[in-house]
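# Per-entry structural report
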Amino acid sequence: MSTAHVSDSLAQRDAEPLIIAAIAAHVGVPLAPARVEFEDGVRVELDGASEDQKVLVEAYAHVGALRGGQPKKLATDAFKLLWAGRKLEATRLVIAVIDVEVEQYLTRPKAWLTAALRDSGVEVIRVAIDDEAHARVEAAQQLQLMAVPGASAHEE
């Protein structure tokens, strides 16, 4: 039996379908992971898309304060949504999160990312996933944090 590496993101990946299901219920449209290939051969993977590709979603399974490259990951996800959304003529773009701290980060007053999301029509929606999945994400993050030399659980 093999064990997962401490930096493995399996718990986060396992939470993404739960996040997508919660967003589907919220927006009232079935959503599923999608791989879209454009006419120029460029491909993009989306965490969730409606069948007509008018609703596009990126899920972010993280709990607590963002560290290191995590804010850039959110900005990259937003840019991917904007780019793919424009090409697909999507009508709704959503970054779905499970934690109030991440939601607050993406909706900070006077922050350029918040303004860019708002002005570009990208919604930030916080959804609830089951307590067990939420706890697995938190536990995985603690292990990942311990794997980073010099990091502390109380680091801001």
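Remember, it's a predicted structure, so these values are computed and weren't measured experimentally. The residue numbering used here restarts from 1 in each chain and proceeds along that chain's sequence as written. Owing to the predicted nature of the model, reporting of local features is limited to residues with pLDDT of at least 70; listing and counting of side-chain atom pairs is limited to 80 or more, with chain, interface and lining totals taken over all residues. Side-chain numbers here rest on the full set of heavy atoms in the structure, without hydrogens or water.

### Observations regarding the overall build of the chain
- Working definition: helices are DSSP H or I runs of at least four residues, strands are E runs of at least two. Numbering for both runs from the N terminus. Counting its regular elements, the chain contains 5 helices and 5 strands.
- The order of helices and strands in the chain, counted from the N terminus, is α-β-β-β-α-β-α-α-β-α.
- With 156 residues in all, the chain has 39% of them scored as buried.
- At a minimum sequence separation of 6, the contacts of the chain that also span at least 24 residues come to 64%.
- As displayed, the chain has an accessible area near 9200 Å², and 54% of this comes from carbon and sulfur atoms. The buried label applies to any residue whose accessible area, calculated with a 1.4 Å probe on protein chains only, is under 20% of its type's maximum; exposed applies above 50%, and partly exposed to all values in between. Only heavy atoms enter the contact rule, under which two residues are in contact if any of them lie within 4.5 Å. Every accessible area reported is derived by Shrake-Rupley at a probe size of 1.4 Å, with residue values counting cover from the shown protein chains alone.

### A closer look at the pattern of salt bridges
- Within this document, salt bridges are pairs made up of a side-chain nitrogen of Lys or Arg and a carboxyl oxygen of Asp or Glu, the two lying within 4 Å of each other. Tallied over the entire structure, the rule returns 8 salt bridges.
- In this structure, Glu-58 and Lys-80 form a salt bridge, with 3.4 Å as the shortest nitrogen-oxygen distance. Here the residue Glu-58 occupies a position in strand S3 (residues 55–60), and Lys-80 occupies one in helix H2 (residues 70–88), the gap between them amounting to 22 residues.
- Judged by its relative accessible area of 1%, Glu-58 falls in the buried class.
- Between Arg-136 and Glu-132 there is a salt bridge, and its shortest N-O distance comes to 2.8 Å. Pair noted here: Arg-136 and Glu-132 are both in helix H5 (residues 131–147), with a separation of 4 residues, about one helical turn.

### Looking at the sheet that holds strand S2 (residues 43–49)
- Across the sheet, 5 strands lie side by side as S1-S2-S3-S4-S5; this open sheet has mixed pairing. With partners counted over all chains shown, the strands left at the sheet margins are strand S1 (32–37) and strand S5 (122–126), one partner each. Within the sheet, the average angular offset between the axes of one strand and its neighbour, ignoring direction, is 40 degrees.
- For two strands to be treated as a pair, DSSP must find no fewer than two bridges joining them. The pairing of S2 with S3 spans 2 bridges and is antiparallel. Paired with Gly-48 across the two strands is Val-57, which belongs to S3.
- Lines are fitted to the C-alpha atoms to define the axes, a helix being fitted only along its stretch in contact, and any angle between axes, read from their N-to-C directions, falls within 0 to 180 degrees. H2 contacts S1, S2, S3, strand S4 (92–97) and S5 of the sheet and is inclined by roughly 170 degrees relative to S3.

### Observations concerning the environment of Ser-9
- Tracing the backbone shows Ser-9 in the segment before helix H1 (10–27).
- A residue is classified by how much of its surface remains accessible, and Ser-9, at 28% relative accessible area, is partly exposed.
- Spatially, the C-alpha atoms of Ser-9 and Ala-61 are 9.6 Å apart, while their sequence positions differ by 52 residues.

### Overview of helix H4 (residues 112–120)
- By the burial criterion, the buried members of H4 are Leu-113, Thr-114 and Leu-117. Buried residues in H4, looked at end-on, bunch into an arc of 100 degrees, giving them a common side. Within H4, the exposed residues directed more than 90 degrees away from the buried face are Trp-112 and Asp-119.
- Buried positions along H4 lie against H2, S4, helix H3 (100–106) and S5. Directions are taken from the helix axis to each C-beta atom, and the arc is the one they span.

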